[in-house]
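Commentary on secondary and tertiary structure
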Amino acid sequence: MRGGQPGGGAASGRHARTSFWRIPCCAGAALDELGQEQVLHRLTGGAHAAAWVSASGQVQLVREDVGRHNALDKLIGAQLRWGNDPRAGFVLVTSRASYEMVHKTAAAGIGCLAAVSAPTAHAVRLAESAGLTLVGFARGQRCTAYTFPDTITA
């Protein structure tokens, strides 16, 4: 999963979802895999994680931090460092989705942010305007698409 240039998103005014694939609503398997990768959380019980999930639903990168925003920043940085195509997967976070997290995700050219909890109302509005698919309550084989439900597959 190499190649691709980050771009698009809210910062550039382009819609991140223009060339985004349909994401599977298969957070259950990815969450199970993510839980196994959360070393800091197992040790402390107080860390958030952000994961890069491939189009096939496999966790490929995980970053943890006591702050949910920091975990996302670390993940986006790792994505850029490795040169992964930001359109070839989605971000899964073990927290709620705030408008700041939506902005960071869209600015990185990533087309979807999935969270295990609810997004804020401002996050939903920003995701809509940025062209970002925003998913909340991603648990098991169920999720709630707050924006662009046509990008979610069963």
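Keep in mind it's a predicted model, so treat the numbers as computed, not measured. (Residues numbered from 1 in each chain as written. Predicted model: local features only at pLDDT ≥ 70, side-chain atom pairs only at ≥ 80, totals over all residues. Heavy atoms only, no water.)

A few words on the overall build of the protein chain. When helices and strands are counted, the protein chain shows six helices and eight strands. Here the protein chain holds 154 residues, and 49% of them are scored as buried. In the protein chain, once contacts between residues fewer than 6 apart in sequence are set aside, the share between residues at least 24 apart is 52%. Entry remark: accessible area of the protein chain is about 7000 Å², with carbon and sulfur atoms responsible for 53%. (Helix = DSSP H or I, 4+ residues; strand = E, 2+ residues; numbered from the N terminus. Buried < 20%, exposed > 50% of the residue type's maximum accessible area, 1.4 Å probe, protein only. Contact = heavy atoms within 4.5 Å. Areas by Shrake-Rupley, 256 points an atom, 1.4 Å probe, with all protein chains shown as cover.)

With that out of the way, let us pick up the nonpolar core. Of all hydrophobic cores here, the largest spans 22 residues; its most connected members are V91, V93, V102, L113 and L134. Sorting elements by how many residues they give to this core places helix α4 (residues 68-82) first, with five residues. Setting aside residues up to four positions removed in sequence, L134 forms contacts with A97, V102, L113, P119, A123, V124, A127, T144, A145, Y146 and T147. Of all hydrophobic cores here, the second largest spans 13 residues; its members include A30, V62, A114 and I152. (Core = buried A, V, L, I, M, F, W, Y, C linked by side-chain atoms within 4.5 Å.)

Let us now look at the sheet that holds strand β2 (residues 48-54). Taken in spatial order, the six strands line up as β3-β2-β4-β5-β6-β7 in an open sheet, and their pairing is mixed. Taken across any chain shown, the strands that pair with only one partner, and hence form the sheet edges, are β3 (59-65) and β7 (142-145). Averaged over neighbouring strand pairs, the angle between their axes works out to 25° when direction is ignored. The pairing of strand β5 (residues 112-115) with strand β6 (residues 133-139) spans three bridges and is parallel. In the sheet register, A114 faces β6, and the bridge partner there is V135. Across the sheet, α4 is in contact with β2, β3 and β4 (89-93); its angle to β3 comes to roughly 140°. Against the sheet, helix α5 (residues 99-107) touches β4, β5 and β6, its axis set at about 145° to β5. (Pairing = 2+ DSSP bridges. Axes fitted to C-alpha atoms, helices over the stretch in contact; angles between N-to-C directions.)

Summarising the model, the protein chain shows a mean pLDDT of 79, and 73% of its residues fall at 70 or more. Helix α1 (residues 9-12) is the least confidently modelled element of the protein chain, averaging 38 in pLDDT, while helix α6 (residues 121-130) averages 98, the highest of any element. (pLDDT = per-residue confidence, 0-100.)

Across the seven residues of β2, six count as buried, placing the element largely inside the fold. The pairing of β2 with β3 spans six bridges and is antiparallel. Paired with A51 across the two strands is V62, which belongs to β3. By the bridge criterion, five bridges tie β2 to β4 in an arrangement that is antiparallel. Note on β4: the bridge partner recorded for V53 is F90.

The subject of this paragraph is the pairing of β3. Extensive coverage of β3 is indicated by the burial of five of its seven residues. Counted along the chain from β2 to the antiparallel partner β3, the turn is four residues long, and its residue G57 has a positive phi close to 90°.

We now examine the packing of α4 against α5. Where α4 meets α5, the closest approach of the two axes is 10 Å, and the angle between their N-to-C directions is 5°. Regarding the angle of α4 to α5, the classification is roughly parallel. Between α4 and α5, the residues in contact are R68, H69, L72, D73 and I76 and E100, M101, K104 and T105, respectively. Its residues placed into classes, the contact of α4 with α5 shows three nonpolar, two polar and four charged. (Parallel < 35°, antiparallel > 145°, perpendicular 65-115°, else oblique. Nonpolar A, V, L, I, M, F, W, Y, C, P; charged D, E, K, R; others polar.)

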